[in-house]
Amino acid sequence: NHKSDSRGALIVLEGLDRSGKTLQSRKLISYLEGLSYSVESWRFPDRNTGVGQMISSYLANKSELDDHAIHLLFSANRWEKRSLMENKLRSGTTLIVDRYSFSGVAFSSAKGLDIEWCKAPEMGLLAPDLVLYLDIPPEKAAERGGYGGERYEQLEFQRKVARSYQILHDASWKTIDACLPIEDVEKQLQEVVLDCVTTCQKGKPLSQLWS
Ligand code: DGP
Ligand code: NA
Ligand code: NA
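As annotated in an unreviewed UniProt entry, the chain carries the name Thymidylate kinase and comes from Camellia lanceoleosa.

## Structural notes on the nonpolar core
Side chains of a nonpolar character, in soluble globular proteins, are inclined to be buried together. Ile11, Met85, Val97, Tyr100, Phe102, Leu132 and Tyr165 are the most contacted members of the largest nonpolar core, which totals 60 residues. At six residues, helix 10 (residues 182-201) tops the list of elements feeding residues into this core. When near neighbours in sequence (up to four residues on either side) are disregarded, Leu132 contacts Ile11, Val12, Leu13, Glu14, Leu28, Lys174, Ile176, Leu189, Val192 and Val193.

## With respect to unusual backbone geometry
A cis amide bond links Phe44 to the next residue, Pro45, at an omega of -5 degrees. Examined against the element boundaries, Pro45 turns out to sit in the loop between strand 2 (39-43) and helix 3 (50-59). Going from Leu209 to Trp210, the amide bond is cis rather than trans, its omega being -5 degrees. Residue position: Trp210 is located in the segment after helix 10. The phi angle at Ser36 is positive, at roughly 70 degrees, despite the residue not being glycine. Note on placement: Ser36 falls in the loop between helix 2 (21-34) and strand 2. When its relative accessible area of 66% is taken as the criterion, Ser36 is described as exposed. Positive phi is not limited to glycine here, since Asn61 has a value of about 60 degrees. With respect to the helices and strands, the residue Asn61 is situated in the loop between helix 3 and helix 4 (67-79). On the basis of relative accessible area, Asn61 is assigned to the partly exposed category, the value being 40%.

## Some remarks on helix 4
For helix 4, built from 13 residues, the straight-helix expectation of 18 Å at 1.5 Å per residue is met to within 8% by its first-to-last C-alpha distance of 19 Å. Regarding helix 4, the residues found buried are Ile70, His71, Leu73, Phe74, Ser75, Asn77 and Arg78. For helix 4, the side-chain oxygen to backbone nitrogen distance between the N-cap and His68 is 2.8 Å, and the N-cap itself is Asp66.

## Some words on helix 5 (residues 82-90)
Those residues of helix 5 that sit buried are Arg82, Met85, Glu86 and Leu89. One face of helix 5 carries all of its buried residues, which in axial projection span an arc of 95 degrees. Structural note: helix 5 exposes Ser83 and Asn87 on the side pointing more than 90 degrees away from its buried face. Along its buried surface, helix 5 packs onto strand 1 (10-15), strand 2, helix 4 and strand 3 (94-98). Remark: Gly92 follows helix 5 within two positions and exhibits a positive phi of approximately 100 degrees.

## Remarks on the site of ligand 1
In the vicinity of ligand 1 there are 13 residues, among which Asp17, Phe74, Arg78, Arg99 and Gly104 approach most closely. The separation between an oxygen atom of ligand 1 and a polar side-chain atom of Arg47 is 3.2 Å. Its free accessible area being 500 Å², ligand 1 has 94% of it covered by the protein chains. The cavity that encloses ligand 1 is the largest pocket. Elements with a contribution of two residues or more to the shell around ligand 1: helix 4 and helix 6 (101-109). No other element matches the four residues that helix 6 contributes to the shell around ligand 1.

## Things to note about the environment of Leu126
Structurally, Leu126 can be placed in the loop between helix 7 (115-119) and strand 4 (130-135). Each C-alpha atom of the pair Leu126 and Gln208 lies 4.4 Å from the other, and the pair is 82 residues apart in sequence. Residues in contact with Leu126, not counting those within four places in the same chain, are Leu10, Arg82, Met85, Glu86, Leu89, Tyr100, Leu206, Ser207, Gln208 and Leu209.

## A word on the sheet that holds strand 4
On the basis of which strands lie adjacent, the open sheet formed by five strands has the order 2-3-1-4-5 and parallel pairing. Whereas interior strands pair on both sides, the edge strands pair on one side only; in this sheet they are strand 2 and strand 5 (173-177). Pairwise comparison of adjacent strand axes, ignoring direction, gives a mean angle of 20 degrees for this sheet. Pairing geometry for strand 1 and strand 3, over four bridges, is parallel. Bridge pairing links Val12 to Val97 in strand 3. Its contacts with the sheet place helix 2 against strand 1, strand 2, strand 3 and strand 4, and it is angled at close to 170 degrees to strand 3. Strands in contact with helix 10 are strand 1, strand 3, strand 4 and strand 5; relative to strand 4, the strand with the most contacts, it is inclined by about 170 degrees.

Rules used throughout
Residues numbered from 1 in each chain as written. Chains lettered and ligands numbered in written order. Predicted model: local features only at pLDDT ≥ 70, side-chain atom pairs only at ≥ 80, totals over all residues. Heavy atoms only, no water. Core = buried A, V, L, I, M, F, W, Y, C linked by side-chain atoms within 4.5 Å. Buried < 20%, exposed > 50% of the residue type's maximum accessible area, 1.4 Å probe, protein only. Helix = DSSP H or I, 4+ residues; strand = E, 2+ residues; numbered from the N terminus. Contact = heavy atoms within 4.5 Å. Expected span 1.5 Å × (residues − 1). Polar contact = N/O pair within 3.5 Å; in protein donor to acceptor, adjacent residues only side chain to side chain. Arc of directions from axis to C-beta. Near = heavy atom within 4 Å. Areas by Shrake-Rupley, 256 points an atom, 1.4 Å probe, with all protein chains shown as cover. 1 Å grid on protein atoms, 1.4 Å probe; cavity = no way out; pocket = protein on both sides within 12 Å on 5 of 7 lines; lining within 4 Å. Sits in = over half its atoms within 2 Å of the grid points. Pairing = 2+ DSSP bridges. Axes fitted to C-alpha atoms, helices over the stretch in contact; angles between N-to-C directions.

In structure tokens form, the structure reads like this:
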């Protein structure tokens, strides 16, 4: 029946470091909670798991790993949350996720890894209903300061990541100008998110990457 097909939405925020994803995901959570939706804030990498701790150490330059090996760890970190993710969505909870498989492909292919090779381990993960791309020129993001000094937080590398992201755009993406005032970005996000949540409530089927 109609009711049992109702589910939460899988909504992903993507963008360069310092594009404002974390702030905007917090705002989206409050907005949806204010409308009495069941909603949770997620982020990848999830640094709390065993795999996540290896990733965290790598990002902090405390360990070295082959580019392919770290790519697979990031992917494994998403796979270890996949069944919980599906359960939450089917039970009606909307997930606002700060980074997902697109970060995986964009960051690793920016190092020169083949893009199809990068996509392969992501296949079969749940496909987002909506990807919100917070678009900011790499130079502007760098000016915002607060690059925390982690491995990828360098202007030249972020330029390459921005180019990789361009290749990944598809119909589920909505690009928002992240240089607009915070409130304007917030308003634009609210509109598309509400629309997406409503569609999923009506029983839009879950699908998988990468199809
Ligand atoms: P964050 O906690 O959102 O600042 O992410 C940490 C850093 O890791 C950030 O520079 C983006 C990068 N990153 C996130 N996901 C992946 C991934 O799947 N693969 C790679 N190579 N990098 C990622
Ligand atoms: Na970061
Ligand atoms: Na962030």
